[in-house]
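Below, each chain spelled out in residue letters.
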Amino acid sequence: MSDRRTRKTEAARSFDRLPLNALRVFEAVATHLSFAEAAEALHVTPAAVSMQIRTLEEYLRVPLFRRSARAIALSPEGALLLPGVRRGLAELQQSMQQLRQHRSGGVLNISTLASFLQKWLLPRLPQFYSRHPDIELSIHTSPTPVDFSQTNFHAALRMSPGPTAGLHNEKLLDEWFLPVCSPEMLARLGPVRTPADLKRYSLLRSSDESWSIWRHPGADSDWRERGTAFDDSLTVLAAAEQGQGLALTRWALAAQDIDNGRIVRASSQVLPCPSAYYFVCPESYLELPKVQRLLGWLREVAAAFPRPDSATAPGKPTPSERPARLRRSGS
């Protein structure tokens with residue numbers, strides 16, 4: 001066994017032998033200079049107090065108090081020990097208080113998708129902070145699953161559930177695919193009612209939103225997916241807003257931009273997405289009050305988020321004529 005390992009083992013054994021309860025009793029007796037009053041403060045019997053002090057004196061091999069018929073006083077050794085015991089107990093109490101606060105407030109580390117954060121979660125965060133000002137979110141974006149055992153994340157938002165062992169997986173939102181474009185492009189090229197209508201458009205897509213999932217199997221055999229491909233969903237939406245083509249996107253990402261008129265739906269049809277948004281965290285973290293507050297709030301805003309329906313289809317009222325339905329979802 002190496003010297004370093006030996007020192008660690010000896011340190012661990014010394015902590016194992018340390019009479020922590022006796023030190024707490026010693027501090028109480030030193031404060032009250034009375035076994036009876038210390039026992040009352042600690043909610044134990046005077047005999048239990050005497051036994052703990054005797055245990056500590058035997059451990060240290062010095063007397064800690066001078067006893068007389070009418071009173072007790074600290075011995076020189078007891079006076080030397082008392083400041084260190086009080087500092088140690090105070091630091092321990094402070095650490096435990098910080099842990100309690102950490103459970104209910106403070107930093108909450110979460111991981112989510114960049115597109116979902118920017119288009120769905122970020123506009124709603126002011127509401128969360130207004131309700132829970134004592135919680136500070138630290139948000140990291142990544143598409144990969146979170147290894148909670150190797151990171152400091154408390155929770156993650158993903159489009160598929162994580163492994164089931166030891167994890168809580170809860171579906172928050174269903175998702176749909178739909179085609180969108182700029183209002184000017186829709187007015188010029190017309191709505192998409194059949195797969196053949198796609199030929200009029202330059203098709204924008206990403207690896208997660210391929211037009212091959214939108215086309216009907218009976219569509220023209222000479223059709224090919226033409227247009228610009230991007231490596232992320234946010235760029236696809238930005239290109240559609242700039243009038244560069246027709247984008248296949250996800251409803252949760254496009255709803256707010258549709259509501260404020262930056263883009264419009266090009267078809268009344270939607271395609272259910274095989275994936276949904278999930279809240280994932282270790283089962284043990286569900287007991288943390290701050291995780292409970294985040295999950296409760298997410299459940300609430302997810303339930304208020306509308307499904308795509310004919311209210312946002314081509315030819316329906318403009319955003320200024322229908323402000324109530326979608327804008328409530330962002331509150």
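This section reports on the structure supplied with the text. (Residues numbered from 1 in each chain as written. Predicted model: local features only at pLDDT ≥ 70, side-chain atom pairs only at ≥ 80, totals over all residues. Heavy atoms only, no water.)

This part covers the side chain of serine 75. Mapped onto the fold, serine 75 is located in the loop between β2 (72-74) and α5 (76-104). Here serine 75 falls in the buried class, since its relative accessible area comes to 2%. Not counting chain neighbours up to four residues away, the residues in contact with serine 75 comprise Pro63, Leu64, Phe65 and Arg66. (Helix = DSSP H or I, 4+ residues; strand = E, 2+ residues; numbered from the N terminus. Buried < 20%, exposed > 50% of the residue type's maximum accessible area, 1.4 Å probe, protein only. Contact = heavy atoms within 4.5 Å.)

Once that is clear, we can look at the sheet that holds strand β13 (residues 277-282). Across the sheet, which stays open at both edges, the five strands sit in the order β4-β3-β5-β13-β6 with mixed pairing between neighbours. Sheet topology places β4 (135-141) and β6 (167-173) at the edges, where each strand pairs with a single neighbour. Neighbour-to-neighbour, the strand axes of the sheet open up by a mean angle of 25°, direction not taken into account. Pairing of strand β3 (residues 106-112) with β4, which is carried by seven bridges, proceeds in the parallel orientation. Across the sheet, the residue bridging to serine 111 is histidine 140, located in β4. Docked against the sheet, helix α11 (residues 289-304) engages β3, β4, β5 (155-158), β6 and β13, running at close to 25° with respect to β6. (Pairing = 2+ DSSP bridges. Axes fitted to C-alpha atoms, helices over the stretch in contact; angles between N-to-C directions.)

Taken across its eight residues, helix α6 (residues 114-121) has six buried, putting it largely inside the fold. Of all the residues in α6, the buried ones are Ser115, Phe116, Leu117, Lys119, Trp120 and Leu121.

Here we take up the environment of serine 206. For serine 206, the location among the structural elements is in strand β8 (residues 203-206). With 28 residues separating them in the primary sequence, serine 206 and leucine 234 have C-alpha atoms 9.3 Å apart. Look past the residues within four positions of serine 206 in its chain and what remains in contact with it is Phe230, Asp232, Ser233 and Val236. A polar atom in the side chain of serine 206 sits 2.3 Å from the side chain of glutamate 209. (Polar contact = N/O pair within 3.5 Å; in protein donor to acceptor, adjacent residues only side chain to side chain.)

Among all residues except glycine, the phi angle is most often negative; among peptide bonds, the trans geometry is most common. In this structure, leucine 33 is a non-glycine residue whose phi angle is positive, near 50°. Structurally, leucine 33 is set in the loop between α2 (20-32) and α3 (35-42). The phi angle at histidine 43 is positive, at roughly 60°, despite the residue not being glycine. With respect to the secondary-structure elements, histidine 43 resides in the loop between α3 and α4 (46-60).

A contiguous nonpolar patch, built from Leu18, Leu20, Tyr59 and Leu60 and spanning about 350 Å² of accessible area, is present on the exposed surface. Structurally, leucine 18 can be placed in the loop between α1 (3-17) and α2. Take leucine 18: its relative accessible area is 31%, and that puts it in the partly exposed class. (Patch = residues over 30% accessible without salt bridge, like charges linked within 9 Å, V, L, I, M, F, W, Y side chains within 5 Å. Areas by Shrake-Rupley, 256 points an atom, 1.4 Å probe, with all protein chains shown as cover. Salt bridge = Lys/Arg side-chain N within 4 Å of Asp/Glu carboxyl O.)

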